[in-house]
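Next come the chains, spelled out residue by residue.
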Amino acid sequence: MQLLSTHRRRLATAAASVVLVAAPLVSTVAANAADTATGRVNTSGAALKVRSAPTTSSTVVGTRADGARVTITCQTYGQQVSGTYGSSTVWDKLKSGGYVSDAFVKTGSDGLVAPLCKGTTPPPPTHTQSAKVTATIAAAKGMLGRYPYSWGGGNAFGPTKGICCSPSGIDDRNTVGFDCSGFMEYVFHKGAGLRLSSTSRSQYADGPRVPISQIKAGDMVFWSSSSRTASGIHHVALYIGDGKIAEANRVSGPDIRVRAFSRGESGVMPYVVRPIR
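Engineer: Account for the overall build of the protein chain, naming residues and giving values.
Structural biologist: On a plain count of helices and strands, the protein chain comes out with 3 helices and 16 strands. Scored against the burial criterion, the 277 residues of the protein chain give a buried share of 47%. For the protein chain, the computed accessible surface area is about 12400 Å², with 52% contributed by carbon and sulfur atoms.

Rendered as structure tokens:
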């Protein structure tokens, strides 16, 4: 159950400072035309910096406008960057020279789309996701499209009838489903055996909180009013990795859904909550 409006902020990626890189940190292959890939810059307005190497501290050698198409001759691994398409250590070597973070380039794939640049060393394997996080995400995905949004609906044990009335006057006393915080109660109890409190505001207060720059799968993301204060929190969702969230929301289409997420969305709180530690 939420304490404020059920109207959720629509996806509005901010023009966060964008980092892209140019001349080589590693030498690159002279890829054939058939080996190149194309992508489109997506920063919601900001000019993206092209750098001399795949790090944000490298020299800026150019920019690419939001919406510009780029040709990628090869890809390499560098500094991790969080952008429009989640966090990534992949950098794209542009045909015109320089590197850009793949986190800001729409290529149609979460994986590599061009050959590895010559001399690239793959990053060390990351720690595998905990079994509890995996089970929590599975619990969320198991409910996709199955129930409607219901103001005050849902708890640790599943969907329930909602209450009357939402801030917009909707009476959900006869609607069996979940609201955003009830959905969180359910997925964390089913997946990790945890009992969360019952409102998005109290779930944020309960913590533990981690800077959103360190977000990882299994974290809870929160939205507030334009002031981005804890007292203005009105929505919560589960971050499932790869720049996506699972949420219960009163929207057109399935109310329990997975969608793309950006840290730059309007009202996103600067901290996430990490119940599974």
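That was the structure; now back to the text.
Engineer: Residue-level account of the pairing of strand S6 (residues 86-94), with values.
Structural biologist: With 7 of 9 residues buried, S6 lies mostly within the body of the structure. Here strand S5 (residues 69-83) pairs with S6 via 8 bridges, running antiparallel. What sits directly across from Gly 83, in S6, is Gly 86. Connecting S5 to the next strand, S6, in antiparallel fashion are 2 residues. When S6 meets strand S7 (residues 99-101), the two strands line up antiparallel, connected through 3 bridges. By the bridge assignment, Lys 93 is partnered in S7 with Tyr 99. The hairpin formed by S6 and S7 contains 4 residues between the paired strands, and Gly 97 there has a positive phi angle of roughly 105°.

Engineer: Now, about the packing of helix H1 (residues 131-141) against helix H2 (residues 180-192): what can you tell me, with residues and values included?
Structural biologist: Axes are the key here: two packed helices are described by the angle between their axes and the distance separating the axes. Packing of H1 against H2 brings their axes to within 7 Å, and their N-to-C directions diverge by 135°. In this view, H1 runs oblique relative to H2, as classed from their interaxial angle. The element H1 and its partner H2 pack so that their crossing is right-handed. On H2, the residues that touch Lys 132, Ala 135, Thr 136, Ala 139 and Ala 140 of H1 are Phe 183, Tyr 186, Val 187, Phe 188, Lys 190, Gly 191 and Ala 192. Looking at the contact of H1 with H2 residue by residue, the classes come out as 8 nonpolar, 2 polar and 2 charged.

Engineer: So what's going on with the pattern of salt bridges? Which residues, and what values?
Structural biologist: Pairing is possible between side chains that carry opposite charge, provided their charged atoms lie close to one another. Per the counting criterion, the structure on display carries 6 salt bridges. A salt bridge links Asp 172 to Arg 250, with the shortest nitrogen-to-oxygen separation between them at 2.8 Å. Here the residue Asp 172 occupies a position in the loop between strand S9 (160-161) and strand S10 (176-177), and Arg 250 occupies one in the loop between strand S14 (244-248) and strand S15 (256-260), the gap between them amounting to 78 residues. Owing to a relative accessible area of 3%, Asp 172 belongs among the buried residues under this scheme.

Engineer: Go over the packing of aromatic side chains with me, naming the residues and quoting the values.
Structural biologist: A full pass over the atoms with the stated rule returns 6 aromatic pairs. Judged by centre distance (5.6 Å) and plane angle (45°), the rings of Phe 178 and Tyr 186 are tilted. Under the relative-accessibility criterion, Phe 178 is labelled buried at 0%. Exposure remark for Tyr 186: the relative accessible area of 9% places this residue in the buried category. Where Trp 223 meets Phe 261, the ring centres are 5.9 Å apart and the plane angle is 80°; that geometry is what we call edge-to-face. Of this pair, Trp 223 sits in strand S12 (residues 220-223) while Phe 261 sits in the loop between S15 and strand S16 (271-273), and the two are 38 residues apart along the sequence. Of the two residues, Trp 223 and Phe 261, both sit in the buried class. Chaining the aromatic ring pairs together yields one cluster made of Tyr 147, Phe 178, Phe 183 and Tyr 186. Across from the ring centre of Tyr 204, 4.8 Å away, lies the NZ or CZ of Arg 209, which sits over that ring.

Parameters and conventions
- Residue numbering note: each chain is counted from 1, following its sequence as written.
- Reporting in this predicted model follows two pLDDT cut-offs: at least 70 for local features of residues, and 80 or more for side-chain atom pairs to be given and counted; totals over whole chains, interfaces and linings ignore these cut-offs and use all residues.
- To obtain the side-chain values, all non-hydrogen atoms of the structure were used and water was disregarded.
- Helix and strand definitions here come from DSSP, where helices need a minimum of 4 consecutive H or I residues and strands a minimum of 2 consecutive E residues; each element is numbered from the N-terminal end.
- Three labels apply to residues, based on accessible area from a 1.4 Å probe with only protein chains included: buried if under 20% of the type maximum, exposed if over 50%, partly exposed otherwise in between.
- Only the protein chains shown count as cover for residues, with accessible areas throughout obtained via the Shrake-Rupley method and a probe of 1.4 Å.
- Two strands pair if DSSP finds at least two bridges between them.
- Note on geometry: axes are lines fitted to C-alpha atoms, helical ones only across the stretch in contact, with angles between N-to-C directions running from 0 to 180 degrees.
- An angle below 35 degrees is read as roughly parallel, one above 145 as roughly antiparallel, one from 65 to 115 as roughly perpendicular, and any other as oblique.
- We call a crossing left-handed when the near helix sits turned anticlockwise from the far one by less than a right angle, and right-handed when that turn is clockwise.
- The contact definition used throughout considers only heavy atoms, calling two residues in contact when any of these lie within 4.5 Å.
- Charged means Asp, Glu, Lys or Arg here, nonpolar means Ala, Val, Leu, Ile, Met, Phe, Trp, Tyr, Cys or Pro, and polar covers whatever is left, Gly included.
- The term salt bridge refers to a pairing of a side-chain nitrogen on Lys or Arg with a carboxyl oxygen on Asp or Glu at a separation within 4 Å.
- Stacked, edge-to-face and tilted are the three classes for Phe, Tyr and Trp ring pairs, Trp counted by its six-membered ring, which pair at centre distances within 6.5 Å; planes under 30 degrees apart are stacked, over 60 edge-to-face, the rest tilted.
- Think of it as a cone above the ring: NZ of Lys or CZ of Arg counts as a charge over the ring if it is within 6 Å of the ring centre and within 35 degrees of the ring normal.

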